[in-house]
Amino acid sequence: KGDYDDAFVMYEKCRLIREKTLGKDHPDTATTYNNIGSVLNDKGDYDNALVMYQKCRVIQEKTLGKDHPDTALTRSIIRLVRKRRVTRTMH
């Protein structure tokens, strides 16, 4: 658990720096949202992971386009996390 918490803090600091230096709509900022989402997903915090992945997807669609492979990958991840969330509530 400690590793996830440490990773979350590190990525959150990174997000703040990237937003300040690169802007909120920069692809690298989107990558940081994706990384935060991955940490939350691995912890089983699917609701908050989805929030981060959605922020990533919005930035990617603006900057890379809807058909870019990175954007498509993020949409796939969102679908998988939604399935995990539903599966968890069924058990």
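Cut-offs and rules
- Residues numbered from 1 in each chain as written.
- Predicted model: local features only at pLDDT ≥ 70, side-chain atom pairs only at ≥ 80, totals over all residues.
- Heavy atoms only, no water.
- Helix = DSSP H or I, 4+ residues; strand = E, 2+ residues; numbered from the N terminus.
- Rg over C-alpha atoms; globule rule 2.2 N^0.38 Å.
- Areas by Shrake-Rupley, 256 points an atom, 1.4 Å probe, with all protein chains shown as cover.
- Lys, Arg positive; Asp, Glu negative; His and termini not counted.
- Charge placed at Lys NZ, Arg CZ, Asp CG, Glu CD.
- Buried < 20%, exposed > 50% of the residue type's maximum accessible area, 1.4 Å probe, protein only.
- Contact = heavy atoms within 4.5 Å.
- Expected span 1.5 Å × (residues − 1).
- Axes fitted to C-alpha atoms, helices over the stretch in contact; angles between N-to-C directions.
- Parallel < 35°, antiparallel > 145°, perpendicular 65-115°, else oblique.
- Left-handed = near helix turned anticlockwise from the far one by under 90°.
- Nonpolar A, V, L, I, M, F, W, Y, C, P; charged D, E, K, R; others polar.

Brief notes about the overall build of the protein
Across its full length, the protein carries 4 helices and 0 strands. Reading the protein from its N end, one meets helices and strands in the order α-α-α-α. Over its C-alpha trace the protein gives a radius of gyration of 13 Å, about what one expects of a compact globule, namely 12 Å for 91 residues. With respect to the principal axes defined by its C-alpha atoms, the protein has extents near 40 × 35 × 15 Å. Just so you have it, the protein exposes about 5,800 Å², and 53% of that area is on carbon and sulfur atoms. Side-chain charges of the protein comprise 18 positive and 13 negative groups, with the mean position of each set lying 5 Å from the other.

Details of the side chain of Thr74
Following the sequence through the fold, Thr74 ends up in helix H4 (residues 69-90). Residue Thr74 is classed as buried on the basis of its relative accessible area, which comes to 3%. Apart from the residues within four sequence positions on either side, Thr74 is in contact with Tyr53, Cys56, Arg57 and Gln60.

Topic: helix H3 (residues 46-63)
Helix length check: H3 (18 residues) gives 25 Å between terminal C-alpha atoms against 26 Å at 1.5 Å per residue, within 8%. Taken together, the buried positions of H3 are Tyr46, Ala49, Leu50, Met52, Tyr53, Cys56, Arg57, Ile59 and Gln60. On the buried face of H3, the contacting elements are helix H2 (27-43) and H4. Just downstream of H3, Gly65 is the residue with a positive phi angle, here 105°.

Quick look at the packing of H2 against H3
Between H2 and H3, the shortest axis-to-axis distance is 8 Å and the interhelical angle comes to 160°. Taken together, the axis directions place H2 and H3 in an arrangement best described as roughly antiparallel. For the pair H2 and H3, the crossing hand works out as left-handed. Seen from H2, the contacting residues are Pro27, Thr29, Ala30, Tyr33, Asn34, Ile36, Gly37, Ser38, Leu40 and Asn41; seen from H3, they are Tyr46, Asn48, Ala49, Met52, Tyr53, Lys55, Cys56, Ile59, Gln60 and Thr63.

Describing the packing of H3 against H4
Their axes nearest at 9 Å, the elements H3 and H4 cross at an angle of 165°. One finds that H3 runs roughly antiparallel with respect to H4. Relative to H4, the crossing made by H3 is left-handed. In this structure, H3 uses Tyr46, Asp47, Leu50, Tyr53, Gln54, Cys56, Arg57, Gln60 and Glu61 to contact H4, whose residues at the interface are Asp70, Thr71, Thr74, Arg75, Ile77, Ile78, Val81, Arg82, Arg84, Arg85 and Arg88. Split into classes, the residues belonging to the contact of H3 with H4 amount to 7 nonpolar, 4 polar and 9 charged.

That is the geometry; function is a separate question.
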